[in-house]
Amino acid sequence: MFHAFFTRPMTGRQMAAAGLLLSLCLLLCGAASALWGWQEAQREAGAAVCADTLRLHIRADSDSLADQSAKLAVRDAVLAYTDAACPAHDKAGALQWAAAHLPQLQLRAAQTLGALGVHVPVRVRLVEMYFHAASYGSSALPAGRYDAVRIELGANPRHGKNWWCVLYPGLCRSACGGYALPEENDLVCGEYILRFRAVDLWNRWTARREDTIYLGI
């Protein structure tokens, strides 16, 4: 019975329906292939942004008004120092500079706290860690794992509210336009929302949450 079904001639209507079905299958396969290629391109751009960014992360000792104010004072002092002293023109140079200047960053933070009458331990580390998506004025960074200079104020293991920014590129101003590849700037500058969401969701699903400590004092 099945042999007879598949070997008997098809009517014109059946041939038209089969042709339409085949065309739809080819169209769907083409669309799926194009979508996969688009997603892969966005993931590559997102990976490049993570790799080409150095962030600054400051942890307050607690959420008290005094500790949060101290955190912001340290932020201002550290940014003034990096703005004047960091000569880097690429991510590798910024990372190398940060690794060599952890003691100076620690000293600047400790001096700032001392001037406020706050005497708590200050730990400065160079880490790779997970960040949630964040906006910085005219730019935004998707969630993912980034290298960062992390400054921990005090010994409270729970910490207070954090503060973070982009140390390179942009020195905590706008990272928009500061990346080497056009697709990185397209992603960071916030004009392509669908691209940003695709990268952000992918990184949120796949990125490890554990910190990796490179160097610290």
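Everything discussed here concerns the structure shown above.
Novice: Could you give an account of unusual backbone geometry, naming the residues involved and the relevant values?
Specialist: The residue after Y168, namely P169, is reached through a cis peptide bond having omega -5 degrees. Within the secondary structure, P169 is located in the loop between β6 (162-168) and α6 (182-188). Even without a glycine there, the phi angle at H159 is positive, about 65 degrees. When you line up the elements, H159 lands in the loop between β5 (144-153) and β6.

Novice: Please provide a residue-by-residue account of helix α5 (residues 102-115), values included.
Specialist: Compared with an ideal rise of 1.5 Å per residue, which puts 14 residues at 20 Å, α5 spans 20 Å between its outermost C-alpha atoms and is within 8% of the ideal. Within α5, burial applies to L102, L105, A109, T112 and L113. In a view along the axis of α5, the buried residues occupy a sector of 100 degrees, so they form one face of it. Taken together, the buried residues of α5 touch α3 (65-85), α4 (91-100), β2 (122-131), β5 and β7 (212-216).

Novice: Could you give an account of the pairing of β2, with specific residues and numbers?
Specialist: Within β2, 9 of the 10 residues are buried, which leaves it mostly tucked inside the rest of the structure. Relative to β5, β2 runs antiparallel, the two sharing 10 bridges. When the bridges of β5 are listed, M129 appears paired with Y146. Examined bridge by bridge, β2 and β7 share 4 bridges and lie antiparallel to one another. Across the sheet, residue R125 finds its bridge partner in β7, namely G216.

Novice: Run through the pattern of salt bridges, naming residues and quoting values.
Specialist: Overall, the coordinates contain 9 salt bridges when judged by the stated rule. Its salt-bridge partner being R145, residue E128 comes within 3.1 Å of it at the nearest N-O pair. Remark: R145 occurs in strand β5 and E128 occurs in strand β2; sequence separation between them is 17 residues. Taken individually, E128 and R145 each receive the classification buried, so the pair is uniform in this respect. Residues E152 and R150 are paired through a salt bridge, measuring 3.0 Å at the closest nitrogen-oxygen approach. Pair check on accessibility: E152 and R150 agree, each one buried. Put simply, R59, R150, E152 and D211 are held in one network by salt bridges that share partners.

Rules used throughout
Residues numbered from 1 in each chain as written. Predicted model: local features only at pLDDT ≥ 70, side-chain atom pairs only at ≥ 80, totals over all residues. Heavy atoms only, no water. Helix = DSSP H or I, 4+ residues; strand = E, 2+ residues; numbered from the N terminus. Expected span 1.5 Å × (residues − 1). Buried < 20%, exposed > 50% of the residue type's maximum accessible area, 1.4 Å probe, protein only. Arc of directions from axis to C-beta. Contact = heavy atoms within 4.5 Å. Pairing = 2+ DSSP bridges. Salt bridge = Lys/Arg side-chain N within 4 Å of Asp/Glu carboxyl O.

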